[in-house]
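In case you want the letters, here they are:
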Amino acid sequence: MKCSTMQLVQQRPAAVAHGEERCPVAHNAVVRPVPDDAPEPLPEPAIGELRLETVMGALGTPLRMGIVRTLLLDSTEFDHTCGWFGLGRPKSSLTHHFRALREAGLIRQRQYGLERRSHVRVDDLDHRFPGLLDLVAAWTPAPEPTDA
């Protein structure tokens, strides 16, 4: 099984489950295969169409950077709905941010009935921009300003 066909999820101290393996991308995270019953992905740029300036622009807000980082390090499933993140934002706002990430090529989304579920396009991003996901995984948000 290759990392190029898997989704990164949080590294766990327990043994790796059947069908999963460790991948050297993004801090040796555990990878999961695409489920057999997963729907086709929504439209997204092909790997050759991924542009660094577009990807960096989509990562240019702490909210979006946090979404990608959370998907890399804290995922407990193959993919997640926007409600899983607990961001406390209106659904319309989150839809905008997730669409920006998908259109930039950072995440892959699939439609499951009425909900869209997302995961990071680890294989494509690691191939096109080696080291980018390691930087995202290592990122920490700036502290919130305090009133003086």
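If you're wondering where the values come from, they're calculated on a predicted model, not measured in any experiment.

## Some words on the confidence of the model for the protein
- Taken over all residues, the pLDDT of the protein has a mean of 78, while the share at 70 or more is 75%.
- Of all helices and strands in the protein, the one with the weakest mean pLDDT is strand β1 (residues 6-9) (37), whereas helix α1 (residues 52-58) scores best (97).
- Scored below 50 in pLDDT, residues 1-16 makes 61 contacts in the model with residues more than four places away or belonging to other chains.

## Some words on the packing of aromatic side chains
- Evaluated as defined, the whole model comprises zero aromatic pairs.
- The ring of Y112 is capped by R117, whose NZ or CZ atom sits 5.7 Å from the centre of that ring.

## What to know about helix α2 (residues 62-74)
- Over its 13 residues, α2 runs 17 Å from end to end, which matches the ideal 18 Å to within 8%, given 1.5 Å per residue.
- Taken as a whole, α2 has its buried residues at L63, R64, M65, G66, I67, V68, L71, L72 and L73.

## Examining the pattern of salt bridges
- Evaluated as defined, the whole model comprises seven salt bridges.
- A salt bridge links R121 to E44, with the nearest nitrogen and oxygen atoms 3.7 Å apart. Of this pair, R121 sits in the loop between β5 (115-120) and α4 (122-128) while E44 sits in the loop between β3 (30-33) and α1; the two residues are 77 residues apart in sequence, bridging distant segments of the chain.
- Its relative accessible area of 2% is what places R121 among the buried residues.
- Here R51 ties to E53 by a salt bridge, and the two come within 3.0 Å at their closest N and O atoms.

## As for helix α3 (residues 91-104)
- For α3, with 14 residues, the first-to-last C-alpha span of 20 Å sits near the 20 Å given by 1.5 Å per residue.
- When α3 is considered as a whole, its buried residues turn out to be S93, L94, H97, F98, A100, L101, R102 and A104.
- G105, located one to two residues past α3, shows a positive phi value of around 95°.

## Brief notes about the packing of α2 against α3
- For the pair α2 and α3, the least separation of the axes is 10 Å and the interaxial angle reads 70°. With respect to α3, the element α2 is oriented roughly perpendicular. The handedness of the crossing between α2 and α3 is right-handed. Residues L63, R64, I67 and V68 of α2 lie in contact with α3, whose contacting residues are H96, H97, F98, A100 and L101.
- For the contact of α2 with α3, the class distribution of residues is six nonpolar, two polar and one charged.

## Quick notes on the side chain of S118
- Note on placement: S118 falls in strand β5.
- You can call S118 buried: its relative accessible area is 1%.
- A polar side-chain atom of S118 sits 3.1 Å from a polar atom in the side chain of Q109.

Conventions and cut-offs
Residues numbered from 1 in each chain as written. Predicted model: local features only at pLDDT ≥ 70, side-chain atom pairs only at ≥ 80, totals over all residues. Heavy atoms only, no water. pLDDT = per-residue confidence, 0-100. Helix = DSSP H or I, 4+ residues; strand = E, 2+ residues; numbered from the N terminus. Contact = heavy atoms within 4.5 Å. Phe/Tyr/Trp six-rings, centres within 6.5 Å; stacked < 30°, edge-to-face > 60°. Lys NZ or Arg CZ within 6 Å of the ring centre and 35° of its normal. Expected span 1.5 Å × (residues − 1). Buried < 20%, exposed > 50% of the residue type's maximum accessible area, 1.4 Å probe, protein only. Salt bridge = Lys/Arg side-chain N within 4 Å of Asp/Glu carboxyl O. Axes fitted to C-alpha atoms, helices over the stretch in contact; angles between N-to-C directions. Parallel < 35°, antiparallel > 145°, perpendicular 65-115°, else oblique. Left-handed = near helix turned anticlockwise from the far one by under 90°. Nonpolar A, V, L, I, M, F, W, Y, C, P; charged D, E, K, R; others polar. Polar contact = N/O pair within 3.5 Å; in protein donor to acceptor, adjacent residues only side chain to side chain.

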